[in-house]
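For reference, the chains in residue letters:
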Amino acid sequence: MEWNSCQRGVAAGAVLLALAVVPAHSADAQKGVPTPESVFGFPVGADRKLFGYAESIGYFKRLAAASKNIKLIDVGTTSFGRTWTVAIISSEANLKQLDKYRRMNMRLAHPDGLPDAEARKLARDGKIIVDISGGLHASEIAGSQHTPQLAYELLSTAKLPATKEILDNVIFFLWPTINPDGQDIVVDNCRAREAGQNTPMELYQKYLGHDN
């Protein structure tokens, strides 16, 4: 894998993201929510610049300290012992009732014996749950690089009508990445190459040799 191919992937992901969400550079952007650039030291998608998993989680912790619209949950550890974290982004009211909405969705997912009227009520009263993985294949690096930017765009515009409507009705499960080990392997390799070291790429997974 060449560095330039990594960077083209990041740039393409950043462009698509910018088209898909409300611009956070509006004068109405919520104050106090740190930009990715202020923490990483460069804009997301900058040429020859990548951040590792610990840096990404460090940024998400800064977001959680600044906004009531995000909750971080540690769900386990990776093959190499990294803490695996997911960010849940929604309205403050929805985050306070996560267990309720989980139960409602579980009932709809397992509808044996569920009366039609009750199913319709659950569908009407529940919330849409959207899961964004942040990337599986480590060499497709844009996935793990764009998630901090997506979180920032949502949280920094949380009070704007368009974003508020989304957060009131949707619960986002945003994984900074579902492959923390692979993210760091690729980032470390790219940094080594940028430093002039011709370092061979490691296998992406501890046991299988690939990150599926």
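Rules of the game
- Residues numbered from 1 in each chain as written.
- Predicted model: local features only at pLDDT ≥ 70, side-chain atom pairs only at ≥ 80, totals over all residues.
- Heavy atoms only, no water.
- Helix = DSSP H or I, 4+ residues; strand = E, 2+ residues; numbered from the N terminus.
- Contact = heavy atoms within 4.5 Å.
- Areas by Shrake-Rupley, 256 points an atom, 1.4 Å probe, with all protein chains shown as cover.
- Salt bridge = Lys/Arg side-chain N within 4 Å of Asp/Glu carboxyl O.
- Buried < 20%, exposed > 50% of the residue type's maximum accessible area, 1.4 Å probe, protein only.
- Pairing = 2+ DSSP bridges.
- Axes fitted to C-alpha atoms, helices over the stretch in contact; angles between N-to-C directions.
- Expected span 1.5 Å × (residues − 1).
- Arc of directions from axis to C-beta.
- Core = buried A, V, L, I, M, F, W, Y, C linked by side-chain atoms within 4.5 Å.
- pLDDT = per-residue confidence, 0-100.

### Digging into the overall build of the chain
Argument step 1. The helix and strand inventory of the chain stands at nine helices and four strands.
Argument step 2. Counting from the amino terminus, the chain carries its helices and strands in the arrangement α-α-α-β-β-α-α-α-β-α-α-β-α.
Argument step 3. Restricting the contact set of the chain to residue pairs at least 6 apart, pairs at least 24 apart contribute 72%.
Argument step 4. For the chain, the computed accessible surface area is about 11,400 Å², with 55% contributed by carbon and sulfur atoms.

### A look at the pattern of salt bridges
Argument step 1. Scanning the entire structure with this criterion turns up nine salt bridges.
Argument step 2. Of the charged contacts, one joins Asp184 and Arg82 as a salt bridge, the two residues approaching to 2.8 Å between their closest N and O atoms. Highlighted residues: Asp184 in helix H9 (residues 180-194) and Arg82 in the loop between strand S1 (70-77) and strand S2 (83-89), separated in sequence by 102 residues.
Argument step 3. Taking relative accessible area as the criterion, Asp184 reaches 12% and is therefore assigned buried.
Argument step 4. Given a relative accessible area of 26%, Arg82 falls into the partly exposed group.
Argument step 5. For Asp168, the salt bridge identified is with Lys164, shortest N-O distance 2.9 Å. Taken together, the residues Asp168 and Lys164, both in helix H8 (residues 161-169) and four residues apart, mark about one turn of the helix.

### Side note on the sheet that holds strand S4 (residues 170-174)
Two strands in a sheet stick together by hydrogen bonds in their backbones, pointing the same way (parallel) or opposite ways (antiparallel).
Argument step 1. As summarised here, the arrangement of the four strands in space is S1-S2-S4-S3, forming an open sheet in which the pairing is mixed. One side of each edge strand has no neighbouring strand; the edge strands of this open sheet are S1 and strand S3 (128-132). When strand polarity is set aside, the average angle formed by the axes of neighbouring strands in this sheet is 20 degrees.
Argument step 2. Examined bridge by bridge, S2 and S4 share three bridges and lie antiparallel to one another. Bridging from a neighbouring strand, Ile88 pairs with Phe173 of S4.

### Details of the side chain of Ser56
Argument step 1. Tracing the backbone through its elements, the reader meets Ser56 in helix H3 (residues 53-66).
Argument step 2. Setting aside residues up to four positions removed in sequence, Ser56 forms contacts with Phe40, Phe51, Pro148, Pro176 and Gln183.

### Focus on H3
Argument step 1. End to end, H3 covers 20 Å across 14 residues, agreeing with the expected 20 Å (1.5 Å per residue, within 8%).
Argument step 2. Taken together, the buried positions of H3 are Tyr53, Ser56, Ile57, Tyr59, Phe60 and Leu63. Along the axis of H3, the buried residues cluster in a sector spanning 155 degrees; they form a single face. Turned more than 90 degrees off the buried face of H3, the exposed positions are Ala54, Lys61 and Ala65.
Argument step 3. Residues of H3 that are buried in the fold lie against helix H2 (36-40), S1, S2, helix H7 (142-156), S4 and H9.

### With respect to the nonpolar core
Argument step 1. One finds Phe60, Leu63, Ile70 and Ile89 to be the most contacted residues of the largest nonpolar core, which totals 22 residues.
Argument step 2. Mapped by element, the contributors of at least two residues to this core are H3, S2, H7 and S4.
Argument step 3. Sort the elements by how many residues they give to this core and H7 lands first, with five residues.
Argument step 4. Beyond its immediate sequence surroundings of up to four residues, Phe60 is in contact with Ile70, Leu72, Ala87, Thr147, Pro148, Ala151, Leu174 and Pro176.
Argument step 5. With nine residues, the next largest nonpolar core counts Ile88, Tyr101, Met104 and Leu114 among its residues.

### Observations regarding the confidence of the model for the chain
Argument step 1. Overall, the prediction assigns the chain a mean pLDDT of 87, with 85% of residues at 70 or greater.
Argument step 2. Here helix H1 (residues 3-20) stands out as the element of the chain with the lowest mean pLDDT, 41, in contrast to H3, whose mean of 98 is the highest.
Argument step 3. This stretch, residues 1-19, has a pLDDT under 50; its non-local contacts, to residues over four places away or in other chains, come to 31 contacts.

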